[in-house]
Amino acid sequence: MPTPTEIRLIRAERLLEVAFDDGSRFRLPAEYLRVESPSAEVQGHGPGQKVLVAGRREVGMLRLEPVGHYAIRIAFDDLHDSGIYSWDYLHRLGVEQAERWAAYEAALAEKGLSRDPPPRRKG
């Protein structure tokens, strides 16, 4: 299992940069990490239960919290913070980023959903 040698939160760019001991390095956007959260809220409780999360184009990351020596928890500014990103899962997200992102965009299009947040109501 690859282990991170460096983890950097780049808030201004809404990116998580992760370097692993196998030499790989990934720049993972907050939106991608949010819609692929390993939480039960997103992944469901079993196969085929994954929830399609729309409207997160502008989501940011507030903080990273270590979870033992095997993972981090990411607190997003939409108040989602229940996903625990193991080193293995973060590495897989990096390796599979292009395929997962294409599948995500196709699923949004199929359901008529958008990456953009809904317009705010004037009150």
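The following paragraphs examine the structure supplied in this document. Everything quoted here is computed from the prediction, not taken from an experiment. In every chain, residue numbers begin from 1 and rise along the written sequence. Local features in a predicted model are, by the rule used here, given only for residues with pLDDT of at least 70; side-chain atom pairs are given and counted only at 80 or more, and totals for whole chains, interfaces and linings are based on all residues. Derived side-chain values reflect all non-hydrogen atoms in the structure, with water molecules and hydrogen atoms excluded from consideration.

A look at the packing of aromatic side chains
1) Next: Stacked, tilted and edge-to-face are the three classes assigned to paired rings of Phe, Tyr and Trp, where Trp is represented by its six-membered ring and a pair needs centres within 6.5 Å; plane angles under 30 degrees give stacked, over 60 edge-to-face, the rest tilted. Scanning the entire structure with this criterion turns up four aromatic pairs.
2) Next: Arranged with centres 6.1 Å apart and planes meeting at 75°, the rings of Y32 and W101 form a pair that is edge-to-face. Here W101 lies in helix α4 (residues 97-111) and Y32 lies in helix α1 (residues 30-35), a separation of 69 residues in the sequence.
3) Next: With a centroid separation of 6.2 Å and an interplanar angle of 40°, the aromatic rings of Y85 and Y89 are classed as tilted. In this pair, the class of Y85 matches that of Y89, namely buried.
4) Next: Ring pairing ties together the aromatic residues Y32, W101 and Y104, which thus form one cluster. The way it works is that DSSP assigns letters per residue, a run of H or I at least four long becomes a helix, a run of E at least two long becomes a strand, and they are numbered from the N terminus. Residue burial is assigned from relative accessible area. The probe radius is 1.4 Å, only protein chains are included, and a residue is buried under 20% of its type maximum, exposed over 50%, and partly exposed in between.

Considerations on the sheet that holds strand β5 (residues 71-76)
1) Next: Sheet architecture is open: three strands sit in the order β4-β5-β6, paired in antiparallel fashion. Looking at which strands have only one partner, the edges of the open sheet turn out to be β4 (61-67) and β6 (84-86). Adjacent strand axes in the sheet meet at a mean angle of 30° when their direction is disregarded.
2) Next: Where β4 and β5 come together, six bridges link them in antiparallel fashion. Pairs of strands are assigned from DSSP output, requiring at least two bridges between the strands. Under this scheme, a helix contributes an axis fitted over its contacting stretch, all axes are lines through C-alpha atoms, and angles between N-to-C directions fall in the 0 to 180 degree range.

Describing the side chain of S39
1) Next: The residue S39 is located in the loop between α1 and α2 (40-43) in this model.
2) Next: By relative accessible area, which is 3% here, S39 ends up buried.
3) Next: Polar contact is the term for a pair of N or O atoms within 3.5 Å; when the atoms are in protein, one must be able to donate a hydrogen and the other to accept it, and sequence-neighboring residues count only if both atoms are side-chain atoms. A polar atom in the side chain of S39 sits 3.2 Å from the side chain of S37.
4) Next: The contact criterion used throughout is that any non-hydrogen atoms of two residues lie within 4.5 Å. Ignoring anything within four residues of it in the chain, the contact list for S39 reads G44, H80, S82 and G83.

Comments concerning the packing of helix α3 (residues 87-95) against α4
1) Next: Direction vectors running N to C along α3 and α4 enclose 75°, while the axes themselves pass 5 Å from each other. By the angle between their directions, the pair α3 and α4 is classed as roughly perpendicular. Note on element contacts: α4 touches α3 through Q97, E99 and R100, opposite Y89, R92, L93, G94 and V95.
2) Next: Only Asp, Glu, Lys and Arg are considered charged in this grouping, and only Ala, Val, Leu, Ile, Met, Phe, Trp, Tyr, Cys and Pro are considered nonpolar; every other residue, Gly among them, is considered polar. Class assignment of the residues belonging to the contact of α3 with α4 gives a composition of three nonpolar, two polar and three charged. When an angle is under 35 degrees it counts as roughly parallel; over 145 it counts as roughly antiparallel; between 65 and 115 it counts as roughly perpendicular; any other value is oblique.

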